[in-house]
Amino acid sequence: MSDQPARSKRDQNCSGALEGSMRAFARIIGGCLAALAGLMVLDARSVAAAGEGLPLSDAWVPAAPEVGRDIPLLLTIKNETSAPEALMRVRCPIANFSERHTVDRGEGAPAMRSIPNIPVPAGSTLVLLPTAYHVMLLQTREPLEPGKRFTCTIVFQKAGSIETEVEVRQFP
């Protein structure tokens, strides 16, 4: 004979129902996890597609022989999508920080002003210039001689991160 008391029929029914509920719960959780994984794949594809509709070209900075300089990052952004976009941040290995700027032409001399993002309207081409929207790379970490190349990561609100090669040029 067993040391355990005999289980009543009611206890056995409850135990069976509990096991059935746990199996159903496991199926629901498994289905949710599969759906979540599918959404993650779909989201990664849509970000890649958005990045493809936002080509970057002609990225360059002026030569800066001294370390610690602040220099503009100039490039062309073509928004081939039907949705507006915004440049949110830039990461470059040659600078400690970056800021997005616009140039105000109010009373007196033009003045640079820091802004939270640079808008890129749908279906447009935006050229970043020292006299308009641009990104300032602050506190360069190394001398920048003409012909040198490096990679920066440009982060957009919808398209995410896009890497682009930047060339050091002699300022015209």
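Rules and cut-offs
Residues numbered from 1 in each chain as written. Predicted model: local features only at pLDDT ≥ 70, side-chain atom pairs only at ≥ 80, totals over all residues. Heavy atoms only, no water. Helix = DSSP H or I, 4+ residues; strand = E, 2+ residues; numbered from the N terminus. Buried < 20%, exposed > 50% of the residue type's maximum accessible area, 1.4 Å probe, protein only. Areas by Shrake-Rupley, 256 points an atom, 1.4 Å probe, with all protein chains shown as cover. Salt bridge = Lys/Arg side-chain N within 4 Å of Asp/Glu carboxyl O. Contact = heavy atoms within 4.5 Å. Polar contact = N/O pair within 3.5 Å; in protein donor to acceptor, adjacent residues only side chain to side chain. Phe/Tyr/Trp six-rings, centres within 6.5 Å; stacked < 30°, edge-to-face > 60°.

S.K.: Which parts of the structure should I look at to understand the overall build of the protein chain?
M.R.: A tally of regular secondary structure across the protein chain gives one helix and ten strands. Sequence-ordered secondary structure for the protein chain, helices as α and strands as β, is α-β-β-β-β-β-β-β-β-β-β. Of all 172 residues assigned to the protein chain, the portion counted as buried reaches 31%. Entry remark: accessible area of the protein chain is about 10800 Å², with carbon and sulfur atoms responsible for 57%.

S.K.: Just to check I follow, could you spell out the pattern of salt bridges for this structure?
M.R.: Close approach of charged atoms lets side chains of opposite charge pair. Overall, the coordinates contain seven salt bridges when judged by the stated rule. In this structure, Lys-148 and Glu-142 form a salt bridge, with 2.9 Å as the shortest nitrogen-oxygen distance. The salt bridge partner of Glu-165 is Arg-149, with a shortest N-O separation of 3.1 Å. Of this pair, Glu-165 sits in strand S10 (residues 160-169) while Arg-149 sits in strand S9 (residues 149-156), and the two are 16 residues apart along the sequence.

S.K.: When you look at the environment of Arg-100 in this model, what are you seeing that I'm missing?
M.R.: Position of Arg-100 relative to the elements: it lies in strand S4 (residues 95-104). Owing to a relative accessible area of 15%, Arg-100 belongs among the buried residues under this scheme. With 33 residues separating them along the chain, Arg-100 and Tyr-133 place their C-alpha atoms 7.5 Å apart. Excluding residues that lie within four positions of it along the chain, Arg-100 makes contacts with Leu-87, Met-88, Arg-89, Arg-113, Ser-114, Ile-115, Pro-116, Asn-117, Ile-118, His-134 and Val-135. Within the local environment of Arg-100, its side chain forms a polar contact with the backbone oxygen of Pro-116, the two atoms lying 2.9 Å apart.

S.K.: Whenever I open this one, the packing of aromatic side chains confuses me. Can you help?
M.R.: Geometry of an aromatic ring pair is reported as the spacing of the ring centres plus the angle between the planes. Using the criterion set out here, one finds one aromatic pair in the structure. Pairing Trp-60 with Phe-171 gives two aromatic rings, centres 6.1 Å apart and planes at 35 degrees, and the pair type is tilted. Of this pair, Trp-60 sits in strand S1 (residues 56-62) while Phe-171 sits in the segment after S10; the two residues are 111 residues apart in sequence, bridging distant segments of the chain.

Everything listed here is a matter of geometry and, on its own, says nothing about what the molecule does.
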